[in-house]
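Residue strings, one per chain:
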Amino acid sequence: MSKEASELPYVLGVDVGTTRTAAAVCRLGGTGRSEPEVIGLGGPGGGVASTLQLTSDGAFAVGEPGDPRWTATGFGRRVGDEVPVVLGGGERLPAEELTALMVLWVTDQVSAREGERPAHVVLAHPPGWGTHAKGLMHRALRSVGVEASLVPEPVAAAENHAFSRSFAGSLGVFSLGSHAFSASVVGRGFELLHTADGVDQAAGVDFDDAVFAHVRSSLGRELADLDADDPRTRGLFARLRRDCEGAKRVLSGAVETSVPVHLPSGPVDVPITRAQFEDLIRPDVEQAAAVFGRVANGVGMTVLVGGSARIPLVAAAVPGRVVLEAAPETSVVKGAALAARRLVVGPDAEPEPIETSVMVGDDDPLLRFPVGGQDVPDAEFTAPPPRPPVDITPLDLPERRSVKRVVRGLAVTGGRRARDPEDGR
């Protein structure tokens, strides 16, 4: 990033996913088209694990999961749930407060990188949030000093799609991530018309489990006879699950790979082909496609969103004309940044569309076509009361009834572990 770019005012988009949290910015000054830029947060893949670990000094550390008794995970999709997250020592924390702390941490990290606060923040949220969940989220964000607008994830995905390519009528959004599936329809004016969450629908982690089951079946007694209570066995299984996830990712671009298994008797490789993997997950993918077909019947075009959308079988199963970005896992956060920019500078600031998107579900899978912007109705964004876009409340965490912590960074790759508050280690 050039010095000139870093000195330009910017807006921030944040996506607190079940597994990872991502950030993206858009510049407000300079000439030409402002491309959304994904910001590295220090973790693998550019984002950071969506975890908050309560440490012995009363802070929340952001990073990779630690002791499950003291680590909060999955809170981003539990906003509005009356059951709080309970950490060691009986600390009861509402999901919206944990999500707000995550947004605060991201905002601080990006502000330190940019040298100034963002002019505006947009948080992407699950499409199923109603007025109650949005109100809780706004209140929690304000309590930690962050003024932000909220936008549904499918609308953010449509914003990102429209930056590269115009769409007539309505746009289908097929979202398949690590833990969640949703099928949505977004109108040309960026209005969320229809949506359905697949509560019991398989997603990326279930596909990882399918690869794991293939390995167990292939090895038979060699795995089954291992002592499940042995710490070495638990470590072997943890590593194997990570390698199964890696194999799933490889199979999106290769026709065959192998899963390394580090048995006590020595390492072995279990081969798996894309055809075998697709046979394992085909019923789940077809079920998701059927749900999408009912929700998005008749849409002219569908954009695939989420890391698991990379799987070739997904694009083949979704009906109609399908578009897939090179990095579908960043579509939502980039769209959130674009939505923030539109809220600040208005819809008339965008120049003519450019050509970037690739259609993967038509006669010509390599066909490229133009992408264009659309006006955004204010009604779709759940925004806080109007205030000057650059007047951001200082991000000092106030004393609260439950969350009375400060947020600090934790080395996310091979860093130190937080001490256990019970034993001081």
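None of these values were measured; they are calculated from a predicted model.

1. Concerning the nonpolar core
(1) Moving on: Residues Phe174, Val215, Leu223 and Leu304 are the most contacted members of the largest nonpolar core, which totals 43 residues.
(2) Moving on: Per element, the largest residue contribution to this core is 7 residues, and it comes from helix 8 (residues 274-295).

2. Regarding helix 10 (residues 331-345)
(1) Moving on: The terminal C-alpha atoms of helix 10 lie 21 Å apart, and with 15 residues this matches the ideal 21 Å at 1.5 Å per residue to within 8%.
(2) Moving on: Among the 15 residues that make up helix 10, 12 are buried, leaving the element largely enclosed by the rest of the structure.
(3) Moving on: Turning to helix 10, the residues buried within the fold contact strand 1 (10-16), strand 2 (20-27), strand 3 (37-39), strand 10 (121-125), helix 4 (153-164) and strand 17 (301-305).

3. Examining unusual backbone geometry
(1) Moving on: Phi is positive for phenylalanine 190, which is not a glycine, with a value near 60°.
(2) Moving on: Take phenylalanine 190: it is sitting in the loop between strand 13 (181-187) and strand 14 (192-197).
(3) Moving on: Owing to a relative accessible area of 0%, phenylalanine 190 belongs among the buried residues under this scheme.

4. Re the pattern of salt bridges
(1) Moving on: Summed over all chains, the structure comprises 18 salt bridges.
(2) Moving on: The closest approach of N and O atoms between arginine 232 and aspartate 230, which form a salt bridge, is 3.0 Å.
(3) Moving on: Here aspartate 279 makes a salt bridge to arginine 282, at a shortest N to O gap of 3.4 Å. One end of the pair, aspartate 279, and the other, arginine 282, are both in helix 8, 3 residues apart, so they sit about a helical turn from each other.
(4) Moving on: Given the relative accessible area of 29%, arginine 282 is considered partly exposed.
(5) Moving on: Sharing partners across several salt bridges, the network here consists of Arg27, Glu37, Arg113 and Glu114.

What counts, and where the lines are drawn
- Residues numbered from 1 in each chain as written.
- Predicted model: local features only at pLDDT ≥ 70, side-chain atom pairs only at ≥ 80, totals over all residues.
- Heavy atoms only, no water.
- Core = buried A, V, L, I, M, F, W, Y, C linked by side-chain atoms within 4.5 Å.
- Buried < 20%, exposed > 50% of the residue type's maximum accessible area, 1.4 Å probe, protein only.
- Helix = DSSP H or I, 4+ residues; strand = E, 2+ residues; numbered from the N terminus.
- Expected span 1.5 Å × (residues − 1).
- Contact = heavy atoms within 4.5 Å.
- Salt bridge = Lys/Arg side-chain N within 4 Å of Asp/Glu carboxyl O.

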